[in-house]
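Inside the fold
Residues per chain are reported as follows:
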Amino acid sequence: QDSLSFLHTPRAMAAAGDRGLPSGVVVALGRARAVAEKKSKLYGEHKLFAELFLQDFEVPSRKQRQLDYHRRYGHRNYMIALQNVANRKSKMVEIDLDDVEHFLTEHPAPEFLSQLQENVQTYKDFFVEACVKLMPAPDSDAVGAESVHDIYARSDLIHEGDTSTTPSDDPREGMPIANKCRFDVYFKPLSTDKPQSLRTISASQIGGLVTVDCVVTRVGPVRPKLAVAAYKCDKCQRKLWQVITGSSYMPLNECATPSCVKNKLSKAPMLTLKLSKLVKCQEAIVQEPSHQVPKGNVPITRKVVMVGEIVRSILPGDAITLTGVWQPKSNEGYEAVVTGTMPEMFIAAQHIRQCKQGHVGADEGKLQDEVLKAHRDPNIYERLAKSIAPEIYGHEDAKKALLLLLVGGTPISRQDGMKIRGDLHVLLMGDPGVAKSQLLRQVCQIAPRAVFTTGKGTSGVGLTAAVVRDPVTQEVTLEGGALVMADRGVCCIDEFDKMDENDRTAIHEVMEQQTISIAKGGITTVLNARASVLAAANPAYGRYNTDLSPVANMNLPESLLSRFDLQFLMLDKAEPEHDMQLAHHIGAVHRDGAVTRRELDFDPVSAEFMRAYVRKAKTYNPVVPPELATEVVAQYANLRTTERDTDADSRKSYTTPRMLLAMLRMSQAIARLQFKDHVERGDFLEAMRLMQASKETVYRDVTGDMTGENLVAAVYDEIRKLHVDQDGSLDMLDIEKRVGTKFGNEALHATLAEYQEIGVWRLSPDRKRLIFEQ
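Residue indices begin from 1 for each chain and proceed along its sequence in written order. Whole-chain, interface and lining totals are the exception, using all residues; otherwise, since this is a predicted model, local features are given only for residues with pLDDT of at least 70 and side-chain atom pairs are given and counted only at 80 or more. Remark: hydrogens and water are excluded; side-chain values derive from all non-hydrogen atoms of the structure.

Scanning the protein chain from terminus to terminus reveals 30 helices and 24 strands. Only protein chains enter the accessibility calculation, which uses a 1.4 Å probe. A residue is then buried if its area is under 20% of the maximum for its type, exposed if over 50%, and partly exposed in between. For the protein chain, with 774 residues in total, the buried portion stands at 46%. Within the protein chain, residue pairs in contact and separated by at least 24 positions form 72% of the contacts whose partners lie at least 6 positions apart. The helix and strand labels rest on DSSP assignments: H or I over at least four residues marks a helix, E over at least two residues marks a strand, and numbering proceeds from the N terminus. Contact between two residues is taken to exist if any of their heavy atoms lie within 4.5 Å; hydrogens are not considered.

Take the sheet that holds strand 22 (residues 729–731) next. Pairs of strands are assigned from DSSP output, requiring at least two bridges between the strands. Ordered in space as 22-24-23, the three strands form an open sheet in which the pairing is antiparallel. Each edge of the open sheet is held by one strand with a lone partner, namely strand 22 and strand 23 (761–763). Each strand axis lies, on average, 25° off the axis of its neighbour in the sheet, ignoring direction. Here strand 23 runs beside strand 24 (residues 769–772); their pairing, made up of three bridges, is antiparallel. Helix axes are fitted only over the stretch in contact, all axes being lines through C-alpha atoms; the angle between N-to-C directions runs from 0 to 180 degrees.

Moving on, we come to the packing of aromatic side chains. Ring pairs shown here join Phe, Tyr and Trp side chains whose ring centres sit within 6.5 Å, with only the six-membered ring taken for Trp; geometry is labelled stacked below 30 degrees between planes, edge-to-face above 60, and tilted in between. The full count for this structure, using the stated rule, is 22 aromatic pairs. Ring plane angle 35° and centroid distance 5.3 Å describe the contact between phenylalanine 53 and phenylalanine 57, whose orientation is recorded as tilted. In this structure phenylalanine 57 comes out as buried when scored by relative accessible area, which is 2%. Grouped by ring-pair contacts, the aromatic residues Tyr43, Phe49, Phe53, Phe57, Tyr78, Phe103, Phe112, Tyr123, Phe126, Phe127 and Phe187 constitute a single cluster.

Right, let's talk about the pattern of salt bridges for a bit. Put simply, a salt bridge is a Lys or Arg side-chain nitrogen that is within 4 Å of an Asp or Glu carboxyl oxygen. Scanning all chains against the criterion turns up 19 salt bridges. We note a salt bridge from glutamate 512 to arginine 421, for which the minimum N-O separation is 3.6 Å. Of this pair, glutamate 512 sits in helix 19 (residues 508–513) while arginine 421 is found in the loop between strand 12 (419–420) and strand 13 (426–430), placing the two residues 91 residues apart along the sequence. Within the structure, one salt-bridge network assembled from shared partners comprises Arg421, Glu512, Asp565, Arg658 and Arg665.

What follows concerns the packing of helix 14 (residues 396–407) against helix 25 (residues 657–673). Running from amino to carboxyl end, helix 14 crosses helix 25 at an angle of 85°, the nearest separation of the two axes being 9 Å. By the angle between their axes, helix 14 is roughly perpendicular relative to helix 25. Contacts between helix 14 and helix 25 involve Leu403, Leu404 and Val407 from the former and Met666, Ala669, Ile670, Arg672 and Leu673 from the latter. Residues that form the contact of helix 14 with helix 25 fall into these classes: seven nonpolar, no polar and one charged. Throughout, the term roughly parallel applies to angles under 35 degrees, roughly antiparallel to angles over 145, roughly perpendicular to angles from 65 to 115, and oblique to all others. In this classification, the charged set is Asp, Glu, Lys and Arg, the nonpolar set is Ala, Val, Leu, Ile, Met, Phe, Trp, Tyr, Cys and Pro, and all remaining amino acids, among them Gly, are polar.

By secondary structure assignment, the location of histidine 425 is in the loop between strand 12 and strand 13. Any pair of nitrogen or oxygen atoms within 3.5 Å is treated as a polar contact; in protein, a donor-acceptor pairing is required on top of that, and neighbouring residues in sequence qualify only through side-chain atoms on both sides. Here the side chain of histidine 425 touches methionine 511 through a polar contact of 2.7 Å, landing on its backbone oxygen. In this structure the side chain of histidine 425 is engaged in a polar contact, spanning 3.0 Å, whose partner is the backbone nitrogen of valine 533. Beyond its immediate chain neighbours, meaning those up to four positions away, histidine 425 contacts Leu405, Met511, Ala531, Ser532, Val533, Arg563, Phe564, Asp565 and Leu566.

Tracing the backbone shows threonine 200 in the loop between strand 2 (184–188) and strand 3 (209–219). Take threonine 200: its relative accessible area is 44%, and that puts it in the partly exposed class. Along the primary structure threonine 200 and valine 212 are separated by twelve residues, whereas in three dimensions their C-alpha atoms are 9.5 Å apart.

This part covers the nonpolar core. To define a nonpolar core, start from buried Ala, Val, Leu, Ile, Met, Phe, Trp, Tyr and Cys residues and group those joined through side-chain atoms within 4.5 Å. Ranked by size, the top nonpolar core spans 63 residues in total, and within it Leu384, Leu404, Val490 and Leu534 carry the most contacts. In this structure leucine 534 touches Leu402, Leu405, Val426, Leu428, Leu440, Val443, Val490, Cys491, Cys492 and Ile493, once residues within four positions along its chain are discounted. Grouped together as the second largest cluster of nonpolar side chains are 42 residues, Leu97, Val100, Tyr123 and Leu190 included.

The next subject is the pairing of strand 21 (residues 566–570). Here strand 21 lies mainly inside the structure; five of its five residues are buried. A two-sided burial pattern is seen for strand 21, the buried positions comprising Leu566, Phe568 and Met570 on one face and Gln567 and Leu569 on the other. The pairing of strand 13 with strand 21 spans five bridges and is parallel. For glycine 430, the partnering residue across the bridge sits in strand 21 and is methionine 570.

Relative orientation of the contacting elements helix 14 and helix 15 (residues 436–446) amounts to 30°, with a least axis distance of 11 Å. Considering their axes alone, helix 14 and helix 15 lie roughly parallel with respect to each other. Handedness of the helix 14/helix 15 crossing: right-handed. Between helix 14 and helix 15, the residues in contact are Lys399, Leu402, Leu405 and Leu406 and Leu439, Val443 and Ile446, respectively. Of the residues in the contact of helix 14 with helix 15, the class split is six nonpolar, no polar and one charged. Each helix crossing is assigned a hand: it is left-handed if the near helix lies turned anticlockwise from the far helix by less than a right angle, otherwise right-handed if that turn is clockwise.

Attention shifts here to the sheet that holds strand 14 (residues 450–454). Spatially, the five strands line up as an open sheet ordered 14-17-20-13-21, and their pairing is parallel. In this open sheet, the two strands that pair with only one neighbour each are strand 14 and strand 21. Taking each pair of neighbouring strands and ignoring which way they run, the sheet shows an average axis angle of 15°. Taken together, the four bridges between strand 17 (residues 490–494) and strand 20 (residues 532–537) define a ladder with parallel strand orientation. Within strand 20, the position partnered with cysteine 492 by the bridge is leucine 534.

Let us now look at helix 30 (residues 745–757). Helix span, as expected, comes to 1.5 Å for every residue beyond the first. Helix length check: helix 30 (13 residues) gives 19 Å between terminal C-alpha atoms against 18 Å at 1.5 Å per residue, within 8%. Within helix 30 the residues assigned to the buried category are Ala747, Leu748, Thr751, Leu752 and Tyr755. One face of helix 30 carries all of its buried residues, which in axial projection span an arc of 135°. Among the exposed residues of helix 30, those oriented more than 90 degrees off its buried face are Glu746 and Glu757. The arc refers to the directions leading from the helix axis to the C-beta atoms.

Turning to helix 14, a few remarks are in order. Side chains that are three or four residues apart share a direction in an α-helix, a result of its 3.6 residues per turn. With twelve residues, helix 14 ought to run about 16 Å at 1.5 Å a step, and its terminal C-alpha atoms sit 17 Å apart, in line with that. Among all positions of helix 14, only Ala398, Lys399, Lys400, Ala401, Leu402, Leu403, Leu404, Leu405, Leu406 and Val407 are buried. Where helix 14 ends, the next residue or the one after it, glycine 408, has phi of about 75°, a positive value.

Here we take up the environment of isoleucine 380. As for its placement among the helices and strands, isoleucine 380 is situated in helix 13 (residues 380–386). A sequence separation of 293 residues divides isoleucine 380 from leucine 673, and the C-alpha atoms of the two residues are 8.3 Å apart. Sequence-distant contacts of isoleucine 380, defined by excluding residues within four places in its chain, comprise Ala374, His375 and Tyr613.

Turning next to a nonpolar patch on the surface. Two distance rules govern patches: like charges are joined within 9 Å, and nonpolar side chains (Val, Leu, Ile, Met, Phe, Trp, Tyr) within 5 Å, applied only to residues with over 30% relative accessible area and no salt bridge. Per-residue and other accessible areas follow the Shrake-Rupley method at a 1.4 Å probe size, with only the shown protein chains counted as cover for residues. On the surface, Tyr249, Leu271, Leu273 and Leu278 cluster together into a nonpolar patch covering about 360 Å² of accessible area. When you line up the elements, leucine 273 lands in the loop between strand 6 (270–271) and strand 7 (277–287). Given a relative accessible area of 57%, leucine 273 falls into the exposed group.

A few words now on the environment of isoleucine 388. Mapped onto the secondary structure, isoleucine 388 falls in the loop between helix 13 and helix 14. Residue classification places isoleucine 388 among the buried positions, given a relative accessible area of 0%. Beyond its immediate chain neighbours, meaning those up to four positions away, isoleucine 388 contacts Lys399, Leu402, Leu403, Gln442, Ile446 and Met610.

Right, let's get into the side chain of aspartate 213. Here aspartate 213 shows up in strand 3. The charged-residue count follows a simple rule in which Lys and Arg add positive charge and Asp and Glu add negative charge, with His and chain termini not counted at all. No salt bridge is formed by the buried aspartate 213; the nearest opposite charge belongs to arginine 353, separated by 5.3 Å. For aspartate 213, the side chain forms a polar contact with the side chain of threonine 321, separated by 2.9 Å.

Look at any regular strand and the pattern is simple: side chains alternate between the two faces of the sheet. Judged by how many residues are buried, strand 5 (residues 239–243) sits mostly within the fold: four of five residues are covered. Counting the residues in the hairpin turn of strand 4 (residues 223–232) and strand 5 gives six residues, including glutamine 237, whose phi is positive at 60°.

With that settled, consider unusual backbone geometry. For glutamine 514, which is not a glycine, the phi torsion comes out positive at approximately 60°. Of note in the backbone geometry, arginine 767 takes a positive phi value of approximately 60° without being a glycine.

Any link to function would need more than the numbers given here.
Right, dumping it as structure tokens:
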């Protein structure tokens, strides 16, 4: 910039004319000089504006309640921030660009905001200089001890033996401004700025502020970085300073004072770490969210560098909105030769905002009115469930289970640290060709945050977290796996049965505790993995074997099965009527390219609408009223009693205390879909019906191949196994719960009628007891 300014001087212009340069070049130099003078004048005005903004800005009246009144500065929040820095209570000053925009309405400064967003580092220096100039004296309530730089700044050690400079009242004269401040300045973006995708960042944004939605995949350790190097000359005792702006630097090899140069006594000065400034630095790798990745493309990853007090603010798997400076890495020496004309780009972080519910799409805000209108529809539950993959025929109850998985229940956190998950886990097991993988893909498209993986191509480390070694520092860092990346979302695992047993045990902790404990490579930590697991698997022998029990067909350990809230068995059975309807449906899809409204009995909603509806439903936290809790306990006790009386070889599933929590989670999810703050009895009954439907599918091998006399005989045998009271009768409610649950109410009533006709038993007049004839 100094060389360019010299070319714009009158002396340079005259020299250009004397040398006979073309007139066009002379005119261009004149124009460049005018632009440089205008830029210099503009920078001078903006530097004064930055100081005026810090000194005079007051919080708007609508926000004054959020800030305590200061006895000296009132509601001037930036002067209060500087006072906190002076009192060693804070180490950062965050400039909110919304405040700058508001201040510009009263104190106009042409192009200030636009220039700041395009040239961040220059305007950051303006604000740093203004903060140093306006820094107040510490109060009596200052905390902590003074820093080494403050002690040396006030002492005579800075100018000890320095005869080349004139004495000054400021003992810090000669120190770089970066060494005078113990704070960092950051910029908070405008609230009206819309985040962009990582792949849309262009070269025109280099040096400017960019705001992107991303997911953290890897976080490195916090290391000290040399920001200002201080040297001391052994001959003249002069202190020399070197400000380091890049990733590497060349140490000073000689003293530049006039006395050393004149006497030729110059030699390499010694580095003084006490006077040097080191700052905290941390690097991370971020990746664009799954909903922003075009189909068939690989997600874009970028490096993020955090310096100062902004470090340790993210973990692997966090969904964040990142604001930073898009800039190239300055390489020197061999690295510059390797990179050539394509330097490595990174984002210097300025502001990080956590997205607890995932990133909000650009169109979701426009759908809020439609969502509020749609939730009043009494059939919205069925409509949303059927809208999950409408091209797939049938599986209504399985789709309802997937809808509840997307919404989830209410997580509970106790003061003693105990946490109960609210996410639902669903297992889809069935024959090949029943659209299990397609359902998983549809859930990934609908969920605000989802990760899809397969069992055969996934290891335990790929699911949880990997310890990788940094190629530059050789230090180990953590890189999150699929479950960490799916935090607060859905992790879909296809071919779950093909996964190695040692790798499959890695998700046991995730499914219940929703954390991943790491103790490897010298790193001991706990990562969050608050994800719903949706798994799809084939039976143990490829196709379901009706000669074996459901447990033997699943071929999964009890400890893993008990962690799934719902288990659906999707069988491919030859039923003429069902096969005809399925073939007609598939033909309509291939004929029209998609299922039309004429082929369906409802109007399906789009994935964007469903995503917005799910996001809104998650804002409700329904509770279970005391009067309903009694019925929930009774239903759970009945399930345990039924399983106790069932043969172990034909057991449907494992009913554990986790099943009680599953009932509550499903009831809360149904209440969430209706935007309610409490669970009603109808919500609980629907949850029980859905759980019963999942059990019926798991136990379909008992009745699926039984028709006519075989089914009636099986029901009769089951009734005879029940304990008969002393009066020779059975409670019909007990029969319906134990036998009707197993074979279905239709088969039960047919058996009762047939054996009543032949005089084996009869129903009491009130139809509450089944009386056996003598």
